[in-house]
Amino acid sequence: MPHRSKPITILMADDDPDDRQLTREAFEENHLANDLRFVEDGEELLDYLHQRGKYAAEGAAPLPGLILLDLNMPRKDGREALQEIKSDPRLRNIRIVVMTTSKAEEDVLRSYDLSAASYITKPVTFERLVDVVRALGKYWLEIVELPPDGNGPQS
């Protein structure tokens, strides 16, 4: 299978600094992401994706190939952010893994209805997270987004 020529940007939206740090450590330990970035709430996530505010400078906010999204955050929660992302034609194909403490059936169903790639409840076993990201990488990030050289479908 061909290898990507540039790293995938993975963006984590989570208000808990401990979760952000543990994710960074898990990804570094497993050599998962060369470009792992963090935002602290849904409003900052949307600023990043729409390149507003501190993300307005060219190159400051490359579109992620994957978003790790907490649902319970201040200012704008992940539920609202997920809805906005999936209703935006420019953003709707970004893969999203929901990582949250919510085990509410309506959150699970709504996330999948909005095309979340996976739903993981906290506390997260980082082995499971690494497995989910690797599986998404093998399918979505490497196969679907191959460069236009005839080796696979394009997104």
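The written sequence of each chain sets the order in which its residues are numbered from 1. The predicted nature of this model means local features are confined to residues of pLDDT at least 70 and side-chain atom pairs, given and counted, to a pLDDT of 80 or more, with totals for whole chains, interfaces and linings taken over all residues. Hydrogens and water are ignored here; the side-chain numbers use all heavy atoms of the structure.

Peer 1: Is there a simple way to think about the confidence of the model for the protein in this case?
Peer 2: Atom-level detail of predicted coordinates should not be read off regions where pLDDT is low. pLDDT is a per-residue confidence score from the predictor, ranging from 0 to 100. A residue-level look at the protein finds 82% of positions with pLDDT of 70 or above and a mean pLDDT of 80. Between the elements of the protein, mean pLDDT differs from a low of 63, seen in helix 5 (residues 126–144), to a high of 96, seen in helix 2 (residues 42–49). The contact criterion used is simple: two residues touch if any of their non-hydrogen atoms lie within 4.5 Å. Note on residues 1–5: pLDDT under 50 across the span, and 8 contacts to partners over four residues away in sequence or across chains. Per-residue pLDDT stays below 50 along residues 140–155; that stretch engages in 30 contacts with residues further than four places along the chain or on separate chains. Note on conventions: DSSP H or I runs of at least 4 residues are helices, E runs of at least 2 residues are strands, and numbering of each starts at the N terminus.

Peer 1: Explain the packing of helix 2 against helix 3 (residues 78–87) to me, please; I cannot follow it from the model alone.
Peer 2: The description of two packed helices rests on the angle between their axes and on the distance between the axes. Note on method: axes are straight lines fitted to C-alpha atoms, helices fitted across the in-contact stretch only, with angles between N-to-C directions ranging 0 to 180 degrees. Closest axis-to-axis distance for the helix 2/helix 3 pair is 9 Å, and the angle between their directions is 20°. One element, helix 2, and the other, helix 3, form an angle in the roughly parallel class. Between helix 2 and helix 3 the crossing geometry is right-handed. Together, Gly42, Leu45, Leu46 and Leu49 of helix 2 and Ala81, Glu84 and Ile85 of helix 3 make up the contact between the two elements. The residue classification treats Ala, Val, Leu, Ile, Met, Phe, Trp, Tyr, Cys and Pro as nonpolar and Asp, Glu, Lys and Arg as charged. All others, Gly included, are polar. Tallied by class, the residues present in the contact of helix 2 with helix 3 amount to 5 nonpolar, 1 polar and 1 charged. In this scheme, roughly parallel covers angles under 35 degrees and roughly antiparallel covers those over 145, while 65 to 115 is roughly perpendicular and the rest are oblique. Handedness of a crossing is defined here by the sense of rotation of the near helix relative to the far one, left-handed for an anticlockwise turn of less than a right angle and right-handed for a clockwise turn.

Peer 1: Quick question: what am I supposed to make of helix 2 here?
Peer 2: Each α-helix winds once per 3.6 residues, and so residues spaced three or four apart point in a common direction. Taken across its 8 residues, helix 2 has 6 buried, putting it largely inside the fold. Think of it in three bands: residues with accessible area under 20% of the maximum for their type are buried, residues over 50% are exposed, and the middle band is partly exposed, with areas taken using a 1.4 Å probe on protein chains only. Of the residues making up helix 2, those classed as buried are Gly42, Glu44, Leu45, Leu46, Tyr48 and Leu49. Buried residues along helix 2 sit in contact with strand 1 (9–13), strand 2 (35–39), strand 3 (66–69) and helix 3. At the N-terminal boundary of helix 2, the capping side chain belongs to aspartate 41, with an oxygen 3.0 Å from the backbone nitrogen of glutamate 43. Where helix 2 terminates, the next one or two residues include glutamine 51, which has phi positive at roughly 55°. Here a polar contact is taken to be a pair of N or O atoms separated by no more than 3.5 Å, where protein atoms must pair a possible hydrogen donor with a possible acceptor and residues adjacent in sequence count only if both atoms sit in side chains.

Peer 1: Explain the packing of aromatic side chains to me, please; I cannot follow it from the model alone.
Peer 2: Geometrically, a pair of aromatic rings is defined through the distance of the ring centres and the angle of the planes. Only Phe, Tyr and Trp rings are paired, with Trp represented by its six-membered ring, and only when their centres lie within 6.5 Å; those with planes under 30 degrees apart are stacked, over 60 edge-to-face, the remainder tilted. On inspection of all chains with the given rule, the structure shows 2 aromatic pairs. An angle of 65° between the planes, with centres 5.1 Å apart, marks the rings of tyrosine 48 and tyrosine 55 as edge-to-face. Its relative accessible area of 2% is what places tyrosine 48 among the buried residues. Residue tyrosine 55 is classed as buried on the basis of its relative accessible area, which comes to 9%. With centroids separated by 6.5 Å and ring planes inclined at 45°, the aromatic side chains of tyrosine 112 and tyrosine 119 adopt a geometry described as tilted.

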